[in-house]
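Letter by letter, the chains look like this.
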Number of protein chains: 2
Amino acid sequence: MSLARIRIVLVRPQHPGNIGAVARAMKNMGLSSLVLVAPREFPAPEAVARAAGADDILASAQVAESVAQAVAPCTRVFATSARARKIPWPVLAPEQAAGALWSEAAAGHEVALLFGGERSGLANEDVDFAQGLVQIPVDPAFPSLNLAAAAQVLCYEIRRQALGPPPAVTDHVPTSQDELNRFFAHLETVLIGIGFLNAAHPRKLMRRLVRLFRRATPDQNEINILRGILTAIPVAGQPPANLDKISQE
Amino acid sequence: MSLARIRIVLVRPQHPGNIGAVARAMKNMGLSSLVLVAPREFPAPEAVARAAGADDILASAQVAESVAQAVAPCTRVFATSARARKIPWPVLAPEQAAGALWSEAAAGHEVALLFGGERSGLANEDVDFAQGLVQIPVDPAFPSLNLAAAAQVLCYEIRRQALGPPPAVTDHVPTSQDELNRFFAHLETVLIGIGFLNAAHPRKLMRRLVRLFRRATPDQNEINILRGILTAIPVAGQPPANLDKISQE
């Protein structure tokens, strides 16, 4: 599985609870490779508690002594960063970084995404291992993003890139134009029958109703319900047989 | 600000800590309108603690008695849902829902995104207020997403849609082809001068180096450094003046 080749590297994480929360975010999004560089406290019960079932991610986490060791086999490394650096570095949006990491992982290579510790983020020496910086587009007025929240956003972006564009909209199959037009004919007949629509002066009534129902894109079941309602409406001078005939047009 | 017209509605939230974490996620992403439907405990110190500075979001949060009241002025409502519903409902990916909410908010309308409580999510009666379901593409093997994590992903998507596509890559201005070609000429001269490149049998050496440096897209400062290095290399039989001349070609 290519997602397993994308390692999440936490550099000097301070709170074991955050390590657990990152493990949970990773597992929710199908990632599994966690590397911890010089964690202050790990393993820790608080990490397991916050992982909420992602214990396997914690159990298989690697502990490294340095960033160099953590990313040694990787062909591509990006560093998350909340602040600008003095040396201009390519700055990528999460979707750009996630796309690059995913396509390289899908091609069979190991890649890494670095997160700094809670206190001071990544040092410049850590960033030197990366080909680019990733910045989550936080509101500049309130930019402080929790480590787990930042990992959640990036892991979500990686999964989104891996899954590709979503289908237009699922679970809803609009009925055919043919069915729709038969419904409109039925509706018009009933509206004339009950005296709401004057065939001699129709104005824009039917066009408005047509526009409304086209916008709603009814499915076959909904059309059946609507036709059933029309059939149940008593129309003076027209026996129900007439409506049956219309519904079979 | 159009983001203020996108209300985040928490329906029957159980843990005040999660309310605070959602407020923080909202403020990080520039959202400000929080509505709580029948919260178990609010206001609460734990909410303020987890908000980590987003106190203003909590202070201005509205408490509603029902979903109907919470979304009353809204022209578009989506409901987040982890599970499929018996009645087929349009299911949208986060980016699709966020895009629709944002464009409607930008047009001046109030819109809402519903989140269910921690225990059982949204009831079918809650979902009936929505035009569609939003599903975060979690790994089916580990789908349980924390309320705050789900809100973080959706608020991020809304901000991403609001900001539009990111610029290609910032903070790096590659130098011109003209500058690059002068560097290649300089490099070739030096490589011949030190005897590494045989002008009579050049093989593919220069083409490989050209490809490498084109891929690196050096900026002007980096080109200046590289030219400085070339100039500093002692070349037998060629006075430095020669190199100066090349660098001014």
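About the thresholds
Residues numbered from 1 in each chain as written. Chains lettered and ligands numbered in written order. Predicted model: local features only at pLDDT ≥ 70, side-chain atom pairs only at ≥ 80, totals over all residues. Heavy atoms only, no water. Domains from an automatic or database assignment. Pairing = 2+ DSSP bridges. Helix = DSSP H or I, 4+ residues; strand = E, 2+ residues; numbered from the N terminus. Least-squares fit on C-alpha atoms with pLDDT ≥ 70 in both. Contact = heavy atoms within 4.5 Å. Buried area = accessible area lost by both parts, 1.4 Å probe. Salt bridge = Lys/Arg side-chain N within 4 Å of Asp/Glu carboxyl O. Core = buried A, V, L, I, M, F, W, Y, C linked by side-chain atoms within 4.5 Å. Buried < 20%, exposed > 50% of the residue type's maximum accessible area, 1.4 Å probe, protein only. Axes fitted to C-alpha atoms, helices over the stretch in contact; angles between N-to-C directions. Parallel < 35°, antiparallel > 145°, perpendicular 65-115°, else oblique. Left-handed = near helix turned anticlockwise from the far one by under 90°. Nonpolar A, V, L, I, M, F, W, Y, C, P; charged D, E, K, R; others polar. Patch = residues over 30% accessible without salt bridge, like charges linked within 9 Å, V, L, I, M, F, W, Y side chains within 5 Å. Areas by Shrake-Rupley, 256 points an atom, 1.4 Å probe, with all protein chains shown as cover. Lys, Arg positive; Asp, Glu negative; His and termini not counted. Charge placed at Lys NZ, Arg CZ, Asp CG, Glu CD.

Examining the domain arrangement of chain A
We note that the domain assignment places domain 1 (2-163) and domain 2 (177-247) within chain A. The centre of domain 1 of chain A, based on its C-alpha atoms, is set 58 Å off from the matching centre of domain 2 of chain A.

Comments concerning the sheet that holds strand β5 (residues 91-92) of chain B
All names here are of chain B. In spatial order, the strands read β3-β2-β1-β6-β4-β7-β5; together these seven strands make up an open sheet with parallel pairing. In this open sheet, the two strands that pair with only one neighbour each are β3 (62-64) and β5. The pairing of strand β4 (residues 76-80) with strand β7 (residues 132-134) spans three bridges and is parallel. Looking at the pairing, Ala79 lines up with Leu133 of β7.

Comments concerning the relation of the copies chain A and chain B
Screw-axis analysis of chain A against chain B gives a translation of 0.0 Å along the axis, an RMSD of 0.0 Å, and a rotation angle of 180°. Expressed as a symmetry operation, the mapping of one chain copy onto the other fits a two-fold axis. No C-alpha of chain A approaches the rotation axis more nearly than that of Val153(A), which lies at 2.9 Å. In this assembly the copies share their binding face: 100% of the residues contributing to the interface of chain A also contribute to that of chain B.

Describing the interface of chain A and chain B
Reports often express the size of an interface as the amount of accessible area lost when the parts come together. Between chain A and chain B, the residue contacts involve 42 residues of the former and 42 residues of the latter. Between chain A and chain B the total buried area reaches about 3,400 Å² when both faces are included, carbon and sulfur atoms providing 56% of it. Contact with chain B buries area across many residues of chain A, yet Asn28(A), Phe142(A) and Tyr156(A) alone supply 20% of it, more than any other trio. Along the contact surface separating chain A from chain B lie four salt bridges. Put simply, Glu95(B) and Arg160(A) hold a salt bridge, and the shortest N to O gap is 2.9 Å. For the side of chain A that touches chain B, the secondary-structure elements that each account for two or more residues are α1 (16-28), β5 (91-92), α5 (94-106) and α7 (147-163) of chain A.

Some words on the nonpolar core
Ranked by internal contacts, the top residues of the largest apolar core, which has 82 residues, are Ile8(A), Leu34(A), Ile8(B) and Leu34(B). Look past the residues within four positions of Leu34(B) in its chain and what remains in contact with it is Ile8(B), Leu10(B), Ile19(B), Val22(B), Ala23(B), Met26(B), Ile57(B), Leu58(B), Ala61(B) and Gln62(B).

Observations concerning the pairing of strand β6 (residues 111-115) of chain B
Residue and element names in this part refer to chain B. Judged by how many residues are buried, β6 sits mostly within the fold: five of five residues are covered. Burial along β6 is two-sided: Val111, Leu113 and Phe115 facing one way and Ala112 and Leu114 facing the other are all buried. With five bridges connecting them, strand β1 (residues 6-11) and β6 associate as parallel partners. Its bridge partner being in β6, Leu10 is matched across the sheet by Phe115. Sheet topology places β4 next to β6; four bridges connect them, and they run parallel. Residue pairing for β6: Arg76 is matched across the bridge by Val111.

Details of the packing of α1(A) against α7(A)
The relative placement of two packed helices comes down to the angle between their axes together with the axis-to-axis distance. Residue and element names in this part refer to chain A. Across the interface, α1 lies against α7 with an axial gap of 9 Å and an inter-helix angle of 15°. When the axis of α1 is compared with that of α7, the two are roughly parallel. α1 and α7 meet at a crossing whose hand is right-handed. From α1, Asn18, Ala21, Val22, Ala25 and Met26 reach across to α7, where they touch Leu147, Ala148, Ala151, Gln152 and Cys155. Across the contact of α1 with α7, the residue classes tally to eight nonpolar, two polar and no charged.

Quick word on the sheet that holds strand β1 (residues 6-11) of chain A
Residue and element names in this part refer to chain A. If you walk across this open sheet you meet the seven strands as β3-β2-β1-β6-β4-β7-β5, and the pairing is parallel. The open sheet has two free edges, formed respectively by β3 (62-64) and β5, since each of these has just one partner strand. Two strands pair when backbone bridges link them, and β1 and strand β2 (residues 33-37) are joined in this way by five bridges, in the parallel orientation. Bridging from a neighbouring strand, Leu10 pairs with Leu36 of β2. Strands β1 and β2 of the sheet are contacted by α1, whose axis makes an angle of about 160° with β2.

Section: a positive patch on the surface
Residues and elements named next belong to chain A. Among the surface-exposed residues, Lys204, Arg207, Arg208, Arg211 and Arg215 lie close enough to one another that they form a single positively charged patch. Along the chain, Arg208 falls in helix α9 (residues 205-216). Assessed through its relative accessible area of 52%, Arg208 is described here as exposed.

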